[in-house]
Amino acid sequence: MKIKVNGEPKDFASSMNINSLLKANNVAQPEMVSVQLNGEFIERENFETTKVKEDDEVDFLYFMGGG
């Protein structure tokens, strides 16, 4: 399965859900990341049930506070 993760092409052996994709990409602090799938934000409670498919584009976004 070919997808783009943060703009970079990646290959995975099979389809997976958002939680599995976070683990496969060794995302630090997954509880702090927001996920966009094909430009749409995915609610955290849907990470387990949302499947990533061939040619999808996924972005992991960290929102930092500061001023």
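Note that this is a predicted model, so its numbers are computed, not measured.

A few words now on the sheet that holds strand β2 (residues 8–11). The 5 strands are arranged β2-β1-β7-β4-β5 in an open sheet whose pairing can be described as mixed. Looking at which strands have only one partner, the edges of the open sheet turn out to be β2 and β5 (40–42). When strand polarity is set aside, the average angle formed by the axes of neighbouring strands in this sheet is 35°. As defined by bridge partners, strand β1 (residues 2–5) adjoins strand β7 (residues 57–62) across 2 bridges and the pair is classed as parallel.

This part takes up the pairing of β2. Here 4 bridges tie β1 to β2, and the two strands are oriented antiparallel to one another. Of the residues in β2, the one forming a bridge with Val-5 is Glu-8.

What counts and how
Residues numbered from 1 in each chain as written. Predicted model: local features only at pLDDT ≥ 70, side-chain atom pairs only at ≥ 80, totals over all residues. Heavy atoms only, no water. Pairing = 2+ DSSP bridges. Helix = DSSP H or I, 4+ residues; strand = E, 2+ residues; numbered from the N terminus. Axes fitted to C-alpha atoms, helices over the stretch in contact; angles between N-to-C directions.

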